[in-house]
Amino acid sequence: MKKHDKEFVYRFKLDGKTGRPLIDDPPAEMVRKQLEALLKIVVLSEGGRELKPDRFRFMNNPLKDFPIFDDTDSDT
Amino acid sequence: MTDKGLSRTAQIDLLSRTLEGLLNVIAFEVKGAPVHVDGFCLRDGEHRFPPLEVDDDSPVLDPYYPPHYFRANEPRFEMIRDIAGTLLEQVILVQGERAVHPDGFRLKNLSHWLIDGEDDPGAVLNSISWACKVKCIFCYERGNPPELNFPPYKTTLREILTSVRYFDPVEKKRLPIPSRYDNNEILTFPGILEVIRALRKKTDAPMINISTSGTMLDEPFIRQLAENKPLLLSISLNSADPGVRASIMKEKHPEIPLRSLPLLKQYRIPFAASIVAWPTIPLTDIENTVAYADQHDPLQIRICLPGHTSRFSQKILFDLEDYWGRLIDLIDSIRDKHDTPIIPLPYTYEEIRQGHFSFVPGVGGVIKNSPAWKAGVRYGDEILSVNNVPIRSRRFLQALMDRLKKEGTKTLWMQTRRKGKEEERIIRYSEETFDHQYPYLPETRHFDVNYYGMYLYDGFDPADVIRLRDMALARGAGHVLVLTSWMIKPYLELALQHIDTQGVRFVPHVPENIFMGGNIVVGDLLTAKDFIRAIREYCREGEKPDLAVAPTSPFSSWLRDMRNDHFLKIERITGIPLYFMETPKLWS
């Protein structure tokens, strides 16, 4: 087998940088970051209507919600 | 456990599902070696697993891809990295009885990640990133904003041969390409001929739009390229004067690319020539370069109207409108002397300069010896009907031509108008090789957007405004802010004069390009942040619109701009509902 016959491996570095936390509650912050990552590439919909969520809450606490996006760099 | 929030059980369940999802598509790596994670424990709990030792003598590995290289066409790699990162903040992965501290990950199965593309093998070649041998004084790389200054990346032969292996011209699938914003010079890649041969074994389809500065195009190289025809090149000519070319491109041997034009014709490889009309190059030199290129029958001569960012020069180096105007006047004055189509880019400006911008479907150029050329169609002809179908607009003509081209229609009866005189033109397309004369060879049909050899004017379509009006009425929006570009605004205003807006107030507005700065005016280079700023300023100065409209052209198919901001951010930040209007890129 020639050197170049072996398949190239698509590799990515994990550098431990996950951005600054927006929520001072690590489990909630983890959920926020996952939602943020997902909502950058998927559009949620309901009955065919596109949704544009920007906050979330845990089902056991209807009184407290959290932002999903860090939009602080968008000032003019 | 938190009383109101994510419970421990729910947290573990979420982590477990996340990890399971990730492990379906990736393998974590420690020091470059793949590891087989079979569990995890929470970081905030107690654990006593010693770290997993990996063999430091692992074989040499392929380099890491920075995931942001794939933002434009496969942002899910970046999403995987982000989700894996959040997971690792919460857990320690475990393999057997050992703690795993991964420093990277690899995709498990590349066939899961094939994306839809074209059957053009040239698209695979475009994933090659290799250093350019010239250093043009106007190179846009010198003026990129920091967000676009990616570290240099050099493709490996194994990497590109893997892309060739996964390229499926029948299903039109290929691996995602690590796209970046610095320049790729494909032909200087050391294994380029091996790659081209491998692609040629896979498909007979033409390799289109291979862009090059021409430094490699000596006769032995062209001969080897010719063995792998059909292919089409796009050469940065810039100047036909060796001294001028050497000085503006910092090139040691300008004679090689200059001699390549007759050689390409000799070896029957069609090509396009491009000239960046930088203001320090005398207009007479541009005129001479066009004449030189025309002698060797390129498919087209592109004259790129220049601009620069604020990073390139804080001081505005030239009055863009004045200089572009002089270039258009030059093109107008020399077009009749040459057979080759001379296309200014962005071409929309030509109509603005001439002051008779309209929606009439017209011909922007005709490739020499093409079916349209042989039928007598020329630059400036207006197309009134095709195969007895009256042409209502430019977009309508393009859609009709797309369909006829796809269906393989061989004969077109066209009613045209030139200087007020109507004529019938019969365009006959033959697939017989002997009917083709250079530069219009069978493969030329696939080059760029040409229809039977004709380049058609694109641009704004009045039907778009009617669609906008109907959309605004359906949403109950009486005041619509239409964010557009300096070059499209006159078309939009003209269209608004000619349609019944049914009471909807449309306000065209051109956002300033702060991201690029300088004298950049092309709307395709705006960012979400530029749009946000423009909407906010508009709201500050007056009444809030009910709706804002932004073009799709500055955004990728994943709806991200060059800074990786999603278009939804505009609506989220400004609070003004946004409608995203489908618009072609001006440079296409």
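To be clear, the structure that these remarks concern was listed above.
Computed from a prediction, not measured in an experiment: that's the story for all the values here.

Calculation criteria
Within any chain, residue numbers begin from 1 and follow the written order of that chain's sequence. Starting at A for chains and at 1 for ligands, labels are handed out in the order in which the entities are written. In keeping with the predicted nature of the model, local features appear solely for residues at pLDDT of at least 70, side-chain atom pairs appear and are counted solely at 80 or more, and the whole-chain, interface and lining totals rest on all residues. Just so you know, side-chain values use all the structure's heavy atoms and leave hydrogens and water out. The numbering of helices and of strands both runs from the N terminus, where a helix is a DSSP run of H or I of at least 4 residues and a strand a run of E of at least 2. Two things to know: the radius of gyration comes from C-alpha atoms, and the globule rule equals 2.2 Å times the number of residues to the power 0.38. Working definition: with a 1.4 Å probe on protein chains only, accessible area under 20% of the residue-type maximum means buried, over 50% means exposed, and in between means partly exposed. In what follows, residue pairs with any heavy atoms lying within 4.5 Å of each other are defined as contacts. A quick way to say it: buried area is the sum, across both parts, of accessible area lost when two parts are put together, with a 1.4 Å probe. Just to be clear on terms, a salt bridge is a Lys or Arg side-chain nitrogen sitting within 4 Å of an Asp or Glu carboxyl oxygen. Whenever a nitrogen or oxygen atom comes within 3.5 Å of another N or O atom, the pair is scored as a polar contact, on the condition that within protein one atom can donate a hydrogen and the other can accept it, and that pairs from neighbouring residues in sequence are kept only if both atoms are in side chains. By definition, two strands form a pair when at least two bridges between them are found by DSSP.

A look at the overall build of chain B
Alright, step 1. Within chain B, the regular secondary structure consists of 17 helices and 24 strands.
Alright, step 2. At 27 Å, chain B has a C-alpha radius of gyration in line with the 25 Å of a compact globule built from 588 residues.
Alright, step 3. Taken over the C-alpha atoms alone, chain B extends approximately 90 × 65 × 50 Å along its principal axes.
Alright, step 4. Here chain B, with 588 residues, has 57% of them falling under the buried criterion.
Alright, step 5. Within chain B, residue pairs in contact and separated by at least 24 positions form 77% of the contacts whose partners lie at least 6 positions apart.

Focus on the interface of chain A and chain B
Alright, step 1. Taken together, the contact between chain A and chain B spans 34 residues of the former and 65 residues of the latter.
Alright, step 2. Of the roughly 4900 Å² buried where chain A meets chain B, counting both sides, 59% is carbon and sulfur surface.
Alright, step 3. Looking at the side of chain A facing chain B, the largest losses of area belong to Y10, R11 and F12 of chain A, adding up to 21% of the total buried there.
Alright, step 4. Scanning the region where chain A abuts chain B turns up 4 salt bridges.
Alright, step 5. When the shortest N-O distance is used, the salt bridge between R11 of chain A and E29 of chain B registers 2.8 Å.
Alright, step 6. Seen at the junction of chain A and chain B, the total is 16 residue pairs in polar contact (both at pLDDT 80 or more).

Remarks on unusual backbone geometry
Residue and element names in this part refer to chain B.
Alright, step 1. Across the junction of K229 and P230, the peptide omega takes the value 5 degrees, indicating a cis bond.
Alright, step 2. Along the chain, the position of P230 falls in the loop between α6 (219-226) and β11 (231-236).
Alright, step 3. Of note, the amide linkage connecting Y438 to P439 takes the cis form, showing an omega dihedral of 5 degrees.
Alright, step 4. By the secondary structure assignment, P439 is in the loop between β19 (421-428) and β20 (454-456).
Alright, step 5. For Y452, which is not a glycine, the phi torsion comes out positive at approximately 55 degrees.
Alright, step 6. For Y452, the position within the fold is in the loop between β19 and β20.

Thoughts on the sheet that holds β19 of chain B
All names here are of chain B.
Alright, step 1. Strand order in the open sheet formed by 4 strands is β17-β16-β18-β19, with antiparallel pairing between adjacent strands. The sheet is open, and its two edges are formed by β17 (389-390) and β19, each paired on a single side.
Alright, step 2. The sheet contact formed by strand β16 (residues 382-386) and strand β18 (residues 411-418) spans 4 bridges and is antiparallel. Looking at the pairing, E382 lines up with R417 of β18.

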